Amino acid sequence: MKLAPSVLSADFARLLESCKKVEAAGCEYLHLDVMDGHFVPNITFGAPIIKSLRKDLNMVFDAHLMISDPDKFLPDLAAAGCDIITVHYETCTHLHRTIQNIKSHGIKAGVVLNPATPVCMIKHVLGDLDMVLLMSVNPGFGGQKFIPEVLDKVKELRKMIDDKGLDIEIEVDGGVTSENIKALVDAGADVLVAGSAIFGKEDIDKAVMDLRKAVDGE
């Protein structure tokens, strides 16, 4: 199980300092929510901030694009240092082409599914993916309540991947806490995005340790 703290919940006045804390706490991924104010009703940041963070951090940069025209921004985001870029199924008219566009920059590609989008919608591109991100809240804002029905989607997707013998990470984003993280990992999730459950805590080391202990049933 890998943890991916969401920058959306970090202290933007001390952004690099906050990110260094989660890196020091042993978190493997840094989850970068790029929003355009169109696909989702919020605006966050883009390639310049990602590039500035990249210089001082060794974590896997996991960029989640909540934008209406992701292809237009892929070159800049790849050049900024993203290791994985995930795009929403709901925004891509030509999903296969967008996946190949991401990979043409030499980075990993993933697809994001909103809570109401069934996993069967990506079965024909599954073999081209490195990651599938399942939203367990509606995208656009941090601090939302976890939607429990997503657990069944994780199990269904895990079976699809295993039946095909593919090496694809399942990531879950939204409302992840010490109360539900074990159930998500047991269902088949590999990477857990946590915003307020990590960045929202005063003691980040303890917050990360508590999440890992919860997975172990402690």
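None of these values were measured; they are calculated from a predicted model.

Three- or four-residue spacings in an α-helix give side chains the same orientation, since the helix completes a turn every 3.6 residues. Here helix 5 (residues 150–163) spans 20 Å end to end across 14 residues, near enough to the 20 Å set by a 1.5 Å rise per residue. Those residues of helix 5 not exposed but buried are Val 150, Lys 153, Val 154, Leu 157, Arg 158, Met 160 and Ile 161. Seen end-on, helix 5 carries its buried residues on one side only, within an arc spanning 160°. Turned more than 90 degrees off the buried face of helix 5, the exposed positions are Asp 152, Lys 159 and Asp 163. Looking at the packing, one finds that the buried side of helix 5 touches strand 5 (108–113), strand 6 (131–135), strand 7 (169–173) and helix 6 (181–187). Positive backbone phi, approximately 65°, marks Gly 165, located one or two places after helix 5.

Ordered by their spatial adjacency, eight strands build an open sheet running 1-8-7-6-5-4-3-2, and the pairing between neighbours is parallel. On the outer flanks of this sheet lie strand 1 (2–5) and strand 2 (29–35), each paired with one strand and no other. The mean inter-strand angle of the sheet, taken between neighbouring strand axes irrespective of direction, is 25°. Where strand 3 (residues 60–66) and strand 4 (residues 84–88) come together, four bridges link them in parallel fashion. The partner of Ala 63 across the bridge, within strand 4, is Ile 85. Docked against the sheet, helix 4 (residues 95–103) engages strand 4 and strand 5, running at close to 145° with respect to strand 5.

With numbering matched to this structure, UniProt assigns "active site" (unreviewed entry) to Asp 33 and Asp 173. Spatially, the listed residues are clustered: although they cover 141 residues, their C-alpha atoms lie within 10.5 Å of one another. Assignment of secondary structure puts Asp 33 in strand 2. Note on Asp 33: relative accessible area 3%, which makes it buried. Beyond its immediate chain neighbours, meaning those up to four positions away, Asp 33 contacts Ser 6, Leu 8, Thr 44, Phe 45, His 64, Met 66 and Asp 173. Considering the arrangement of structural elements, one finds Asp 173 in strand 7. When neighbours within four sequence positions are excluded, Asp 173 is seen to be in contact with His 31, Asp 33, His 64, Leu 133, Leu 134, Met 135, Ser 136, Val 137 and Val 193. For Asp 173, the side chain forms a polar contact with the side chain of His 31, separated by 3.3 Å.

Where burial is concerned, most of strand 5 is hidden: five out of the six residues are buried. The sheet contact formed by strand 4 and strand 5 spans five bridges and is parallel. Looking across to strand 5, one finds that Thr 86 is bridged to Gly 110. The sheet contact formed by strand 5 and strand 6 spans four bridges and is parallel. Across the sheet, residue Leu 113 finds its bridge partner in strand 6, namely Leu 134.

Relative to the assigned elements, Glu 171 resides in strand 7. Although Glu 171 is buried, it forms no salt bridge, and the closest oppositely charged side chain is Lys 2 at an N-O distance of 9.9 Å. When sequence neighbours within four positions are dropped, the list of residues in contact with Glu 171 reads Ala 4, His 31, Asp 62, Met 131, Val 132, Leu 133, Leu 134, Val 191 and Val 193.

Moving on to the packing of helix 2 (residues 47–54) against helix 3 (residues 70–80). Relative to each other, helix 2 and helix 3 sit at 15°, their axes nearing to 8 Å. Classified by the angle between their axes, helix 2 and helix 3 sit roughly parallel to one another. For the element pair helix 2 and helix 3, the recorded crossing hand is right-handed. Only Asp 76, Leu 77 and Ala 80 of helix 3 make contact with helix 2, whose side of the interface consists of Ala 47, Ile 50, Lys 51 and Arg 54. Taken together, the residues that form the contact of helix 2 with helix 3 break down as four nonpolar, no polar and three charged.

Bringing the pattern of salt bridges into the picture now. Per the stated rule, a full pass over the model turns up eleven salt bridges. Among the ionic pairs, Arg 212 bridges to Glu 28, the shortest N-O distance being 3.2 Å. With a gap of 184 residues between them, Arg 212 in helix 7 (residues 204–215) and Glu 28 in the loop between helix 1 (15–24) and strand 2 connect regions that are remote in the sequence. Overlapping salt bridges, with partners in common, bring together Arg 158, Asp 162 and Asp 190 in one network.

Calculation rules
Sequence order as written defines the numbering, with residues in each chain counted from 1. The predicted origin of the model limits local features to residues at a pLDDT of at least 70 and limits the giving and counting of side-chain atom pairs to 80 or more, whereas totals for whole chains, interfaces and linings rest on all residues. Only heavy atoms go into the side-chain values, all of them from the structure, while hydrogens and water stay out. Think of it this way: any DSSP run of H or I at least four residues long counts as a helix, any run of E at least two long counts as a strand, and we number them from the N terminus. Multiplying one less than the number of residues by 1.5 Å gives the expected span of a helix. Partly exposed residues are those whose accessible area sits between 20% and 50% of the maximum for their type, while under 20% is buried and over 50% is exposed, using a 1.4 Å probe and protein chains only. Each direction from the helix axis to a C-beta atom contributes to the arc, which is the arc of those directions. Any two residues whose heavy atoms approach within 4.5 Å at even a single point are treated as in contact. Strands are labelled as partners when DSSP assigns at least two bridges between them. Note on definitions: angles span 0 to 180 degrees between N-to-C directions of axes, and those axes are lines fitted to C-alpha atoms, for helices only across the stretch in contact. UniProt positions are given in the numbering used here, feature names are shortened, and annotations may be inferred rather than shown by experiment. Nitrogen and oxygen atoms within 3.5 Å of one another constitute a polar contact, given that in protein one can donate a hydrogen and the other can accept it, and given that sequence-neighbouring residues count only through two side-chain atoms. This count recognises Lys and Arg as positive and Asp and Glu as negative, with His and chain-terminal groups excluded. What counts as a salt bridge is simple: a side-chain nitrogen of Lys or Arg found within 4 Å of a carboxyl oxygen of Asp or Glu. Just so you know how the angles are binned, under 35 degrees is roughly parallel, over 145 roughly antiparallel, 65 to 115 roughly perpendicular, and the rest oblique. In this scheme the handedness of a crossing depends on how the near helix is turned from the far one: anticlockwise by less than a right angle means left-handed, clockwise means right-handed. Gly is placed with the polar residues, together with every amino acid not listed as nonpolar (Ala, Val, Leu, Ile, Met, Phe, Trp, Tyr, Cys and Pro) or charged (Asp, Glu, Lys and Arg).

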